Amino acid sequence: MNANTSMVTSFRPLAELEVDLLDTWHVLTQVTYRFLVLLREFDLRQGWAEWGSADCADWLNLKCGLSRNTAQEKLRTARAMYDLPQIEAAFKCGDLSYSKVRALSRVATPERETHLLDYALGATAAQVEDYCRRLRNGDRNVSSQDAYRNLGNRSLVRSFRDNGAGCISVELPREDVEIIMQALDHVSSGLPEIDGRSIFARGADALVQMARDVLAGNAGSGVAGDQYQVVVHVEESVLKNEGGESDLPAESVRRICCDASIVALVKNDRGQPLSIGRKQRAVPTAMRRALQARDRSCCFPGCTHDRWVDAHHIRHWVDGGETSLNNLMLLCTHHHRLVHEGGVQIRRRHDGTCYFLGRNRRPVEAHVSARVSAEDGAISSPFSAEEGGGGRDFVGVPAGP
Ligand SMILES: [Zn+2]
Ligand SMILES: [Zn+2]
């Protein structure tokens with residue numbers, strides 16, 4: 001009798017099997033908890049150094065066969081539990097899975113630990129991960145660093161398989177993925193109907209068609225300005241750096257709203273819309289033309305990009321900055337990102353001209369300066385404190401070319 005036959009003949013009631021399965025899962029969770037506690041102590045006592053490992057993640061890779069990313073997540077979670085006794089207790093007795101603890105530990109603070117634990121006990125792991133991601137995005141300082149890292153990690157990799165197929169894999173900040181998906185949807189809508197073509201195959205066909213259009217010089221026809229839109233829902237509190245939930249990192253949303261079509265949406269406490277404002281451009285068309293005539297290209301020193309430039313509010317309109325030529329400057333998408341998510345700051349001299357401070361806090365000489373009347377030292381960066389109040393939601397749409 002082989003193993004398979006013995007499984008078939010030893011059937012037992014499903015309900016019993018399920019109980020056994022869940023009990024085992026409970027034990028697994030408790031064992032995972034114990035592993036993290038031991039790991040935390042081992043790391044604190046630098047046991048990994050005995051083996052010549054660079055750090056504890058390196059040791060986990062060497063001794064436990066964990067990938068570096070997985071190892072770092074385990075370590076981060078283990079360390080975070082120190083300050084989260086309620087979450088740790090629920091994990092210890094097996095009520096909270098490692099997946100949930102890992103997600104919670106990215107956003108939990110002693111102040112909101114109770115609330116997060118209550119939420120996590122009644123939600124699925126996917127819901128907990130989504131909620132925590134939105135909370136983290138709403139925290140401007142933390143998510144700015146995430147956004148900057150995501151930008152640094154962007155990549156396009158192609159690989160080829162033995163069977164003749166090839167694979168392109170692209171990693172991008174989420175809002176850029178949305179732009180590509182919108183372009184693909186646009187191209188896809190013009191493709192002929194083919195029976196049995198899946199949506200995945202249709203997406204792939206649209207990408208090839210897009211490439212053909214570019215190579216044939218047909219690209220750029222069809223879509224203009226507001227016809228393509230990336231819609232970002234964000235609470236006003238997030239824009240004002242007072243926390244809350246957000247689809248994208250808070251500072252990325254502030255950047256998109258710097259030069260976008262904005263619709264204000266007022267909701268009641270149950271999240272139902274009460275009123276929807278008129279769509280307004282953050283920078284009116286006439287002012288944008290004047291700005292374009294004055295700056296001509298991106299204002300970052302040495303940058304000559306004059307296409308796909310954004311009108312950046314030196315003091316953000318969310319923080320009370322005026323939408324006036326004095327408070328605006330053209331920045332290319334790359335430098336606009338550096339100013340918002342990348343920690344590059346814009347400062348004013350006493351004569352009103354502007355200059356840039358790099359991430360190293362050293363000035364970068366500017367070749368164009370916006371004349372200003374405001375006080376010296378206005379800063380537009382994720383690292384300055386802001387204040388304000390209110391309960392509106394904004395829907396921001398990048399203004400397009
Ligand atoms: Zn901006
Ligand atoms: Zn630039």
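Preceding this section is the structure that the text describes.
Everything in this summary refers to the structure shown in the same document. Source: prediction; values computed, not measured. (Residues numbered from 1 in each chain as written. Chains lettered and ligands numbered in written order. Predicted model: local features only at pLDDT ≥ 70, side-chain atom pairs only at ≥ 80, totals over all residues. Heavy atoms only, no water.)

**Quick look at the coordination of the zinc ion (ligand 1)**
Selection rule: With water omitted from the atoms examined, metal sites may look incomplete; donors here are N, O and S atoms no farther than 2.8 Å from the metal, or 3.2 Å in the case of Na, K and Ca. Square planar and octahedral sites, with four and six donors, are those where opposite donors lie more than 155 degrees apart and all other angles lie between 65 and 115, tetrahedral sites have four donors with every angle between 85 and 135 degrees, and the rest are irregular. A run of DSSP states H or I qualifies as a helix once it reaches four residues; a run of E qualifies as a strand once it reaches two. Both are numbered from the N-terminal end. The cut-offs for exposure are 20% and 50% of the maximum accessible area for each residue type, with area from a 1.4 Å probe on protein chains only; residues under the lower value are buried, those over the upper are exposed, and the others partly exposed.
Within the protein, the atoms that donate to the zinc ion (ligand 1) are C258 (SG), H312 (ND1), H336 (NE2) and H340 (NE2), at distances of 2.0 to 2.3 Å. Given four donor atoms and angles of 102 to 121 degrees at the metal, the environment of the zinc ion (ligand 1) is assigned as tetrahedral. Here the donor residues for the zinc ion (ligand 1) map to a single chain with the spacing C-x53-H-x23-H-x3-H. Remark: H340 occurs in helix α15 (residues 333–340) and C258 occurs in helix α13 (residues 250–258); sequence separation between them is 82 residues. Considered together, C258 and H340 belong to a single accessibility category, that of buried residues.

**As for the pairing of strand β7 (residues 309–313)**
Where a strand is regular, its side chains alternate between the two sheet faces. Selection criterion: Two strands qualify as a pair provided DSSP detects at least 2 bridges between them.
Of all five residues in β7, five are buried, a share of seventy percent or more. Alternating positions in β7 separate into two faces, V309, A311 and H313 on one and D310 and H312 on the other, with burial throughout. Where β7 lies against strand β8 (residues 328–332), five bridges are found, and the strand directions are antiparallel. Considered in β8, the bridge of H313 is made with L328.

**Topic: the coordination of the zinc ion (ligand 2)**
Around the zinc ion (ligand 2), the protein supplies C298 (SG), C303 (SG), C332 (SG) and H335 (ND1) as donor atoms, at distances of 2.0 to 2.3 Å. Between the four donor atoms coordinating the zinc ion (ligand 2), the angles at the centre fall across 98 to 115 degrees, so the site counts as tetrahedral. Here the donor residues of the zinc ion (ligand 2) share one chain and are spaced in sequence as C-x4-C-x28-C-x2-H. Exposure remark for C332: the relative accessible area of 3% places this residue in the buried category. For H335, a relative accessible area of 11% translates into the label buried.

**Some thoughts on the sheet that holds strand β9 (residues 345–348)**
Read across the open sheet, the three strands follow the order β9-β10-β11; overall the sheet is antiparallel. Strands with a single pairing partner mark the edges of an open sheet, and in this sheet they are β9 and β11 (363–364). Strand direction decides the pairing type here: strand β10 (residues 354–357) and β11, joined by two bridges, are antiparallel. Within β11, the residue paired with F356 across the bridge is V364.

**Observations concerning the packing of aromatic side chains**
Keep this limit in mind: Two rings from Phe, Tyr or Trp (for Trp, the six-membered ring) form a pair when their centres are within 6.5 Å of each other. A pair whose planes differ by under 30 degrees is stacked, one over 60 is edge-to-face, and the rest are tilted.
As enumerated under the stated definition, the model contains four aromatic pairs in all. Ring geometry for F42 versus W59: centroids 4.4 Å apart, planes at 45 degrees, classification tilted. On the criterion of sequence distance, the pair formed by F42 in helix α2 (residues 14–44) and W59 in helix α3 (residues 56–64) is long-range, its members being 17 residues apart. An angle of 40 degrees between the planes, with centres 4.4 Å apart, marks the rings of Y119 and Y131 as tilted. One end of the pair, Y119, is in helix α7 (residues 113–121); the other, Y131, is in helix α8 (residues 125–138), with twelve residues separating them in the sequence. Assessed through its relative accessible area of 29%, Y119 is described here as partly exposed. Its relative accessible area of 14% is what places Y131 among the buried residues.

**Overview of unusual backbone geometry**
Its identity as a non-glycine residue notwithstanding, Q46 has a phi of 55 degrees, on the positive side. Topologically, Q46 is positioned in the loop between α2 and α3. For Q46, a relative accessible area of 45% puts it in the partly exposed group. One non-glycine residue, W308, adopts positive backbone phi at about 55 degrees. Relative to the elements of secondary structure, W308 occurs in the loop between α14 (285–295) and β7.

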